[in-house]
2 protein chains.
Amino acid sequence: MDKVNLKDKLALFSDLWSPKIVGQVGDMHLKLGKIKGEFEWHSHENEDELFYVVQGRMILRFRDKDVVLEPGEFITVPKGVEHMPVAEVETHLLMIEPVGTVNTGDNEGSSRTVEPEWI
Amino acid sequence: MDKVNLKDKLALFSDLWSPKIVGQVGDMHLKLGKIKGEFEWHSHENEDELFYVVQGRMILRFRDKDVVLEPGEFITVPKGVEHMPVAEVETHLLMIEPVGTVNTGDNEGSSRTVEPEWI
């Protein structure tokens, strides 16, 4: 039962689009991610996913609108809703989602799919 | 499906020890709280509880140690573990815990028990 410092954890990796697990509460994992550029359209059939911007600026594209997230802002993407994260500058995210959530959702097995590790 | 800005939400209330719900992901509520002084010893029989410090400084007392949390740091208190939040200066927290979690846990009904509202 130790505390976690987000900046210390963010200093441990530099690879983009490869979330790292840094905590758990109930059946939810907390993951840190670094992103720049475009991801791919996907949805998560059974999992809500929360994105919180620590640093940078994320554009979260939905089929009917874009939402721009600045540091200190979060949004929950409900299960089943298609979305695509985009960042023009390197952006650091905290994500909260159920244990076992696949980063590419219904595109599991795509070239962007990664297995998250604990750091 | 709108974004939430933590600072904007924190500006909406000033009462201490009275968490407000600002988001949900899966079966978890995200709550903001303002604290100063000492709370009371309690535990949550069935719920993990995560504390993230947005501003200030929290001392989380356990029966066998204290953990000091600065801004950008979080800790998960597992279900069943007795704890007491303390803050020497006004401190702003983000908490993540299951929907329905009572702030005073096994002391439900104490003078410190409050019903959280959405803001």
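Residues numbered from 1 in each chain as written. Chains lettered and ligands numbered in written order. Predicted model: local features only at pLDDT ≥ 70, side-chain atom pairs only at ≥ 80, totals over all residues. Heavy atoms only, no water.

- By the naming in an unreviewed UniProt entry, chain A is Cupin 2 conserved barrel protein, taken from Desulfovibrio ferrophilus.

**Structural notes on the environment of Leu6 of chain B**
Item 1. Relative to the assigned elements, Leu6 of chain B resides in helix α1 (residues 6–10).
Item 2. Taking relative accessible area as the criterion, Leu6 of chain B reaches 3% and is therefore assigned buried.
Item 3. The sequence separation of Leu6 of chain B and Leu16 of chain B amounts to 10 residues, and the corresponding C-alpha distance is 16 Å.
Item 4. When neighbours within four sequence positions are excluded, Leu6 of chain B is seen to be in contact with Tyr52, Gly72 and Phe74 of chain A together with Leu32 and Val54 of chain B. (Helix = DSSP H or I, 4+ residues; strand = E, 2+ residues; numbered from the N terminus. Buried < 20%, exposed > 50% of the residue type's maximum accessible area, 1.4 Å probe, protein only. Contact = heavy atoms within 4.5 Å.)

**Comments concerning the side chain of Thr101 of chain A**
Residues and elements named next belong to chain A.
Item 1. Its location among the elements puts Thr101 in the loop between β8 (84–98) and β9 (117–118).
Item 2. Note on Thr101: relative accessible area 3%, which makes it buried.
Item 3. One polar contact links the side chain of Thr101 to the main-chain carbonyl oxygen of Pro98, over a distance of 2.6 Å. (Polar contact = N/O pair within 3.5 Å; in protein donor to acceptor, adjacent residues only side chain to side chain.)

**Some points on the packing of aromatic side chains**
Residue and element names in this part refer to chain A.
Item 1. Summed over all chains, the structure comprises two aromatic pairs over all chains.
Item 2. An angle of 20° between the planes, with centres 4.9 Å apart, marks the rings of Trp17 and Phe39 as stacked. Of this pair, Trp17 sits in the loop between α1 (6–10) and β2 (20–25) while Phe39 sits in the loop between β3 (28–38) and β4 (49–55), and the two are 22 residues apart along the sequence. No difference in accessibility class separates Trp17 from Phe39, as the two residues are buried.
Item 3. One Lys or Arg, Arg112, reaches over the ring of Trp17 and ends 5.4 Å from the middle of that ring. (Phe/Tyr/Trp six-rings, centres within 6.5 Å; stacked < 30°, edge-to-face > 60°. Lys NZ or Arg CZ within 6 Å of the ring centre and 35° of its normal.)

**Section: unusual backbone geometry**
With the exception of glycine, the majority of residues adopt a negative phi angle, and the majority of peptide bonds are in the trans configuration.
Item 1. Phi angles above zero are rare outside glycine, and Trp17 of chain A is one such case at about 55°.
Item 2. Note on Trp17 of chain A: relative accessible area 12%, which makes it buried.

**Quick word on the nonpolar core**
Item 1. In this structure, Leu30 and Phe74 of chain A together with Leu30, Phe74 and Ile96 of chain B are the most contacted members of the largest nonpolar core, which totals 28 residues.
Item 2. Residues contacting Leu30 of chain B, with those up to four places away along its chain left out, are Leu50 and Phe74 of chain A together with Lys20, Ile21, Val22, Gly23, Gln24, Val25, Leu94, Met95 and Ile96 of chain B.
Item 3. Residues Phe51, Phe62, Leu69 and Ala87 of chain A belong to the second largest nonpolar core, which totals 18 residues. (Core = buried A, V, L, I, M, F, W, Y, C linked by side-chain atoms within 4.5 Å.)

**Details of the UniProt feature "domain: Cupin type-2" (unreviewed entry) in chain A**
Item 1. According to UniProt, the positions carrying the feature "domain: Cupin type-2" (unreviewed entry) are residues 37–92 of chain A.
Item 2. With 0% helix and 55% strand, residues 37–92 of chain A has its two end C-alpha atoms placed 12 Å apart. (UniProt positions renumbered as here; feature names shortened; annotations may be inferred.)

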